[in-house]
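Close look at the chain arrangement
Chain residues, written in single-letter form:
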Amino acid sequence: MKYHETLDRGSEIENRLNELGKISDTPGVPGIWRAILTDSDFRGKSLIRSWMEEAGLNVREDVFGNLIGRLEGEVPETIMVGSHVDTVKDGGKYDGACGVVTAIEAVGALVKNGWKPYYSVEVVGIEEEEGSRFDLSYPGSYALVGKLSPEELAICDEEGTALKDLMEERGYDWKNIAKADVRSYVKEFMELHVEQGAVLDREGLSIGLVENITGMVDFDVTVHGEQNHAGTTPMYLRKDPMVKTAELILKLTEAVKSISSTGVITFGEMQLHPGVANVIPGSVHFIVDMRDGNREALLKEESAVAEILSAASGDGFDVEFKMYNHEDPVPMDSVLVDDLERCVQEASIPYKRMNSGAGHDSMIIAWEIPTCMIFIPSVNGISHSPKEYTKPEDLGRGCEVLGRMLVKRASEK
Ligand SMILES: [Zn+2]
């Protein structure tokens, strides 16, 4: 693929994303929603299937409903490339879909140019990454790496319908979910995805090479003080846990900022007891959500937060806390990331190495199969919104990098 072709490719990808974006279970509102085993899911996948076939791929669905288009190489060992086909509720046209459509476009262009790979290539449209219908994280990618069990499929949606019953009804062999496992023949996985943040857009770059997918630590904190009358209690007699919480939030934020430039800390959930305007609260409960792509920094941040919270009790306050979640960052395969970097440099596309602040299918697959991720910019960093947008020229550049990478990796013996 030549650089001058990428702009045309970008418009073609944009057209397809617009077409796919019309398929939604919530018609009449700007935001779209495609979740597993809904009418829009079937219609969306059937459109994607037609594009895969047009690109010269042999298409099948696995037992979970992941859509897979295969290009046979000289050997059965396979390089898999793709992203997810589902969306969040009230989502946009780019998240997930752009990775699938771009991969089809890249492979299709190569096939048209007479490319015959040594390794086989599969484009995959992964099911239910967002878990927007069933409260399951990344079931499609877990299925691909043999880590989804039939028991987990007993989970019900909000209406009380079990996933396994729906699968049974539609002919998916849920009892043999292990058949979706691709580990025996897939040697590498690649995913192109929108950044879902504003870094590339702000810096005017077209490509991000993901080094790590962020790790995450969560603390559950309750600050106990003394509940009392808001009018009769003078300031010097108060043990107001909300004021204490405000101090803690500033301290914890400063601590994370001083440890790492890649760390982020969020206080997005808080309850005050009793939570009425004319009562000094008796206690404040909040969640600390901390993320960092750098494992050492995340560990340092974790101990700094624990230390600050441990020291916060006393003087009439009691601070209870527990860490209830720790997920290490997931590194991408360094050989693949280096190769991606060469591809981007050969195409003279402005880029940077970066971490992903959001979780992706690649995070699940990377534990089992060497994996890499390409980011393209989200305009104004907006995602999980109907306003999600990526410029066609960046879609084209993403496609070019993916195409070059496939040639580099799949032609090698
Ligand atoms: Zn996504």
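Conventions and cut-offs
- Residues numbered from 1 in each chain as written.
- Predicted model: local features only at pLDDT ≥ 70, side-chain atom pairs only at ≥ 80, totals over all residues.
- Pairing = 2+ DSSP bridges.
- Helix = DSSP H or I, 4+ residues; strand = E, 2+ residues; numbered from the N terminus.
- Axes fitted to C-alpha atoms, helices over the stretch in contact; angles between N-to-C directions.
- Contact = placed C-beta atoms within 7 Å.
- Expected span 1.5 Å × (residues − 1).
- Buried ≥ 20, exposed ≤ 12 C-beta atoms within 10 Å, placed from the backbone.
- Arc of directions from axis to C-beta.
- Domains from an automatic or database assignment.

**A few points about the sheet that holds strand E12 (residues 318-327)**
Taking strand neighbours across the sheet as the criterion, the four strands line up as E9-E11-E7-E12 in an open arrangement whose pairing is antiparallel. Each end of this open sheet is capped by a strand with a single partner; those strands are strand E9 (264-273) and E12. With direction set aside, neighbouring strand axes in the sheet form an average angle of 15°. Relative to strand E11 (residues 283-292), strand E7 (residues 215-224) runs antiparallel, the two sharing 10 bridges. Residue Asp220 lies in a different strand from E11, and its bridge partner there is Ile287. Along the sheet, helix H7 (residues 241-259) contacts E7, E9 and E11; its crossing angle with E11, the most-contacted strand, is approximately 10°.

**Details of helix H8 (residues 295-310)**
With 16 residues, H8 should reach 22 Å at 1.5 Å per residue; the first-to-last C-alpha distance of 23 Å fits that figure. Restricting attention to buried positions, one finds in H8 the residues Leu298, Glu301, Glu302, Val305 and Leu309. Taken end-on, H8 shows its buried residues confined to a sector of 105°, consistent with a single buried face. Away from the buried face of H8 by more than 90 degrees, exposed residues Glu296, Ser303, Glu307 and Ser310 are located. Buried-residue contacts for H8 involve E7, H7, E11 and E12.

**What to know about the environment of Trp174**
Note that Trp174 resides in the loop between helix H5 (163-169) and strand E5 (186-194). Along the sequence, Trp174 and Ser50 sit 124 residues apart, while their C-alpha atoms lie 25 Å from each other. Other than its neighbours up to four places away in sequence, Trp174 contacts Val63, Pro150, Leu153, Lys164, Met167 and Glu168.

**Some remarks on the domain arrangement of the chain**
Assigned domains within the chain: domain 1 (3-213 + 330-410) and domain 2 (215-327). Summarising the inter-unit geometry, the C-alpha centres of domain 1 and domain 2 are found 38 Å apart. Contacts between the two partners involve five residues from domain 1 and, on the opposite side, four residues from domain 2. Breaking the side of domain 1 that touches domain 2 down by element, the ones donating at least two residues are strand E6 (207-213) and strand E14 (351-356).

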